[in-house]
Amino acid sequence: MPREHNTDNDNTSGLPQLAIILTGKGSKSIGETESSVSEQSYKNVAVLKNTEQNPPVFFNSLTEAYEIYGFMSAGDVFASKNSLQDIVNKLSESKFIGGIYADACVEEKGIVQEFYFPPHSHETFTKLVGVFPVFFKSQAIQGEPLDENLEYLYGHSALLKVSQSSIVSHIPEILFNLATRELNIEKDINYLKNVS
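Treat the numbers as computed from the prediction; the structure is a model and nothing was measured.

Caption draft 1: Seen up close, the overall build of the protein chain. When helices and strands are tallied, the protein chain shows 5 helices and 8 strands. Counting the 196 residues in the protein chain, one finds 45% classified as buried. A fraction of 79% describes how many contacts in the protein chain between residues 6 or more apart in sequence connect residues 24 or more apart. Looking at the protein chain as shown, the accessible area adds up to about 10400 Å², and 47% of this sits on carbon and sulfur atoms.

Caption draft 2: Quick peek at the pairing of strand E5 (residues 97-108). Of all 12 residues in E5, 10 are buried, a share of seventy percent or more. With 9 bridges connecting them, E5 and strand E8 (residues 167-178) associate as parallel partners. Each bridged residue has a counterpart across the sheet, and for Asp 103 the counterpart in E8 is Ile 174. Two strands pair when backbone bridges link them, and E5 and strand E7 (residues 134-137) are joined in this way by 2 bridges, in the antiparallel orientation. Bridge pairing links Gly 99 to Phe 136 in E7. The loop that links E5 with its antiparallel partner strand E6 (residues 111-115) comprises 2 residues; one of these, Lys 109, has a positive phi angle of about 50 degrees.

Caption draft 3: Layout of the packing of aromatic side chains. With the rule as written, the count across this model stands at 12 aromatic pairs. Here Phe 71 and Tyr 154 contribute two aromatic rings whose centre-to-centre distance is 5.0 Å and whose plane-to-plane angle is 65 degrees, an arrangement assigned as edge-to-face. Taken together, the positions of Phe 71 in strand E3 (residues 68-73) and Tyr 154 in helix H4 (residues 154-163) put the pair 83 residues apart, joining distant regions of the chain. With 6.2 Å between their ring centres and 45 degrees between their planes, Tyr 101 and Phe 132 make a pair best called tilted. You can see Tyr 101 sitting in strand E5 and its partner Phe 132 sitting in the loop between E6 and E7, a full 31 residues away along the chain. For Tyr 101, a relative accessible area of 1% gives the class buried. Classification of Phe 132 by relative accessible area gives buried; the value is 10%.

Caption draft 4: Up close: helix H1 (residues 27-38). Over its 12 residues, H1 runs 16 Å from end to end, which matches the ideal 16 Å to within 8%, given 1.5 Å per residue. The inward-facing, buried residues of H1 contact strand E1 (18-23), strand E2 (45-50), E3 and strand E4 (77-78).

Caption draft 5: The side chain of Ser 169, seen in detail. Within the element layout of this structure, Ser 169 appears in strand E8. Classification of Ser 169 by relative accessible area gives buried; the value is 12%. The residues touching Ser 169, leaving out its near neighbours within four places in the chain, are Lys 90, Ile 97, Gly 99, Ile 100 and Tyr 101.

Caption draft 6: Here's a closer look at the nonpolar core. Formed by 22 residues in total, the largest nonpolar core has its most connected members in Leu 18, Ile 20, Phe 78, Leu 84, Ile 87, Phe 135 and Phe 176. Looking at this core, the elements that each hand over two or more residues are E1, E3, helix H3 (83-93), E5 and E8. Apart from the residues within four sequence positions on either side, Ile 87 is in contact with Phe 78, Ile 100, Phe 135, Ile 171, Leu 175 and Phe 176. Within the second largest apolar cluster, 21 residues are counted, among which are Tyr 69, Ile 141, Tyr 154 and Ala 158.

Caption draft 7: Expanded view of the pattern of salt bridges. Inspection of the entire model under this criterion finds 6 salt bridges. Between Lys 90 and Glu 93 there is a salt bridge; the shortest N-O distance is 3.5 Å. Taken together, the residues span about one helical turn, with Lys 90 and Glu 93 both in helix H3 at a distance of 3 residues. Take Lys 90: its relative accessible area is 21%, and that puts it in the partly exposed class. Classification of Glu 93 as partly exposed rests on a relative accessible area of 39%. Where Glu 144 meets Lys 161, a salt bridge forms, and the shortest distance between an N and an O atom there is 3.7 Å. Residue Glu 144 is located in the loop between E7 and H4, and its partner Lys 161 is located in helix H4; the two are separated by 17 residues in the primary sequence. A relative accessible area of 41% means that Glu 144 is categorised as partly exposed. On the accessibility criterion, Lys 161 (18% relative accessible area) is buried.

Conventions and cut-offs
- Residues numbered from 1 in each chain as written.
- Predicted model: local features only at pLDDT ≥ 70, side-chain atom pairs only at ≥ 80, totals over all residues.
- Heavy atoms only, no water.
- Helix = DSSP H or I, 4+ residues; strand = E, 2+ residues; numbered from the N terminus.
- Buried < 20%, exposed > 50% of the residue type's maximum accessible area, 1.4 Å probe, protein only.
- Contact = heavy atoms within 4.5 Å.
- Areas by Shrake-Rupley, 256 points an atom, 1.4 Å probe, with all protein chains shown as cover.
- Pairing = 2+ DSSP bridges.
- Phe/Tyr/Trp six-rings, centres within 6.5 Å; stacked < 30°, edge-to-face > 60°.
- Expected span 1.5 Å × (residues − 1).
- Core = buried A, V, L, I, M, F, W, Y, C linked by side-chain atoms within 4.5 Å.
- Salt bridge = Lys/Arg side-chain N within 4 Å of Asp/Glu carboxyl O.

As structure tokens, then:
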């Protein structure tokens, strides 16, 4: 049974501290994501804005430690007010769960596409390559810097790192509405092929 947290503003000190690394540019897009975070029922969260550096470089240079980290891109928002609570509940279910990913929805020009990701397994997970929000416990990658050569697939790489010592869990619910963006991940895919 998931652990329920009291998310009163006066009682956040006992909750896991969570930091969302928000990557991207454009004040409107960043503002949309920040508003979505502030509307969440889970309140012990900080947004760390990264508008200049490669996300792994930014993450590796952080000096303040948080218990849970998440990567989101500017313009991406949570699908409900309890999405973040669902993520924290899942990460708190077991000491063996180190990372989380969930289903997502993308809407462009009135066309809605829902992405239902497969559950984690050693056969399918390494082939699950995409740009989507990921969350993980800091202890699951302690002492393991993120690969600074990756421009877009750093979330995929982080979950692969987590999977070497912990369980990566899939939440079979749409927790994110993702902004549409054009990305060329070919360079990252070729790099990952060469280092594995």
